[in-house]
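Coordinate analysis (summary)
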Amino acid sequence: MNLPAIAILGGTFDPVHIGHVRSAQELCHRLGLNQCLLVPCHLPPHRESPQSSADHRLQMVELAVAGIDGLAADDRELRRSGPSYTVDTLAEIRAEQGAAVSVNFVMGSDAYNNLHTWSRWQSLFEFANVVVMHRDGFRETPVPEVRDYAATRLVDPERLKDISHGAMAHVALTPWPQSATQVREYLQRGVIPGDSLPAGVADYIKQHRLYFGEPENADKA
Ligand code: ATP
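Computed from a prediction, not measured in an experiment: that's the story for all the values here. (Residues numbered from 1 in each chain as written. Predicted model: local features only at pLDDT ≥ 70, side-chain atom pairs only at ≥ 80, totals over all residues. Heavy atoms only, no water.)

To continue, consider the environment of Pro-175. Tracing the backbone shows Pro-175 in the loop between strand S6 (168-171) and helix H8 (180-188). Given the relative accessible area of 46%, Pro-175 is considered partly exposed. The sequence separation of Pro-175 and Ala-100 amounts to 75 residues, and the corresponding C-alpha distance is 32 Å. (Helix = DSSP H or I, 4+ residues; strand = E, 2+ residues; numbered from the N terminus. Buried < 20%, exposed > 50% of the residue type's maximum accessible area, 1.4 Å probe, protein only.)

Quick look at the structure:
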């Protein structure tokens, strides 16, 4: 039984980089998913406010996915005020998609290691499968509560497209060493790390002088 299957990659995307885009593409291909939505958060609950405004971050994600089959930007969290809770996003997506769709929430190993701090994290599984993609340089070290909860739900990644929600899988994709932190550090020093950014995103950053010098584009929303 193959269900229609989608993935959701949430993030600050401050800015979106090649590691996000290539991993999302490969994941879709590997798991046989129809689409992967990149969902920039409004205000991340677990970390400092983004340096660039919600509008800039969304525009960069739109440029990054333009013309790539299967990838799309989704602005729903930016349209909500206040912190972006993934569980609310997944509940909304499930209500839109109906029951007979495999919905897969994707996170890198670094995010997985902090899952216990997320609001109502167990409820993510009520609405979606959770897929952890191995991220270069981050060993998976979930707290025991998360590890044990996840262990009972583990399936082979290939099975995800047959399961609407409630399962958990780990995938090792081609490693991409990029991080947004590292990209911002380069830009702060006036260097555009062209290899780490989709061309349209690099042009947008140049044009709007994002991340150069002192942070002045702080998200005031
Ligand atoms: P920062 O350096 O500011 O923390 P980031 O590069 O981790 O940013 P996020 O927007 O926080 O980017 O990441 C969104 C999601 O993408 C997270 O689940 C994260 O683990 C994952 N991710 C980010 N970069 C990579 C990468 N290079 N390879 C695989 N997954 C990644």
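In this section: the site of the ligand. For the ligand, the set of nearby residues contains 22 residues, the closest of which are Arg-47, Asp-110, Trp-176, Ala-180 and Thr-181. Side-chain polar atom of His-17 to an oxygen atom of the ligand: 2.9 Å apart, as the coordinates give it. At 2.9 Å from an oxygen atom of the ligand is found a main-chain nitrogen or oxygen belonging to Gly-108. Protein burial of the ligand: of its 600 Å² of free accessible surface, 91% is covered by the chains. Those elements that place two or more of their residues in the shell around the ligand are strand S1 (5-11), helix H1 (18-31), strand S4 (102-108), helix H5 (109-113) and H8. Its residues assigned to classes, the shell around the ligand shows seven nonpolar, 11 polar and four charged. Two domains each put at least three residues into the shell around the ligand: domain 1 (5-175) and domain 2 (177-221). (Near = heavy atom within 4 Å. Polar contact = N/O pair within 3.5 Å; in protein donor to acceptor, adjacent residues only side chain to side chain. Areas by Shrake-Rupley, 256 points an atom, 1.4 Å probe, with all protein chains shown as cover. Nonpolar A, V, L, I, M, F, W, Y, C, P; charged D, E, K, R; others polar. Domains from an automatic or database assignment.)

Below, the discussion takes up the domain arrangement of the chain. Each domain of the chain was delimited in the assignment, giving domain 1 (5-175) and domain 2 (177-221). Taking only C-alpha atoms, the centre of domain 1 and the centre of domain 2 are 23 Å apart. Between domain 1 and domain 2, the residue contacts involve 24 residues of the former and 22 residues of the latter. Interface area, domain 1 with domain 2, both sides summed: about 2,000 Å², of which 59% is carbon and sulfur. (Contact = heavy atoms within 4.5 Å. Buried area = accessible area lost by both parts, 1.4 Å probe.)

What follows covers the nonpolar core. Counting residues in each nonpolar core, the largest one holds 39 residues, and the members touching the most others are Val-16, Leu-27, Leu-38 and Ile-205. The set of elements that each furnish at least two residues to this core consists of S1, H1, strand S2 (35-40), helix H2 (54-65), strand S5 (129-133), S6, H8 and helix H9 (199-208). Tallying contributions element by element places H1 first for this core, with five residues. Shared between two domains, this core takes at least three residues from each, and those domains are domain 1 (5-175) and domain 2 (177-221). Ignoring anything within four residues of it in the chain, the contact list for Leu-38 reads Leu-9, Phe-13, Val-16, Ala-24, Val-61, Val-65, Ala-72, Ala-73 and Asp-74. By size, the runner-up hydrophobic cluster in this structure holds 25 residues, among which are Leu-37, Met-107, Trp-118 and Ala-128. (Core = buried A, V, L, I, M, F, W, Y, C linked by side-chain atoms within 4.5 Å.)

Pairing between the strands of a sheet comes from backbone hydrogen bonds, and it takes one of two forms, parallel or antiparallel. With respect to topology, six strands assemble into an open sheet ordered S3-S2-S1-S4-S5-S6, the strand pairing being parallel. In this open sheet, the two edge strands, each paired with only one partner strand, are strand S3 (71-73) and S6. Across the sheet, the axes of successive neighbouring strands diverge by a mean angle of 25°, strand direction being ignored. By the bridge criterion, six bridges tie S1 to S2 in an arrangement that is parallel. Its bridge partner being in S2, Gly-11 is matched across the sheet by Pro-40. (Pairing = 2+ DSSP bridges. Axes fitted to C-alpha atoms, helices over the stretch in contact; angles between N-to-C directions.)

Right, let's talk about the pairing of S5 for a bit. Most of S5 is tucked away, with five of its five residues classed as buried. One ladder, built from five bridges, connects S4 with S5; its direction is parallel. Directly across from Gly-108, in S5, lies its bridge partner Met-133. Direction of pairing for S5 relative to S6: parallel, over a ladder of four bridges. Bridge pairing in S6 links Val-131 to Ala-169. After leaving S5, the chain enters helix H7 (residues 144-151) and then returns to the sheet as S6, a path that is right-handed. (Right-handed = clockwise from strand over helix to strand, strands pointing away.)

Here we come to the pairing of S2. Of all six residues that make up S2, five are buried, and the element is covered over most of its length. Regarding topology, H1 serves as the crossover connection from S1 to the parallel S2, and that connection is right-handed. Looking at chain direction, S2 and S3 are connected through three bridges and run parallel. Within S3, the position partnered with Leu-38 by the bridge is Ala-73.

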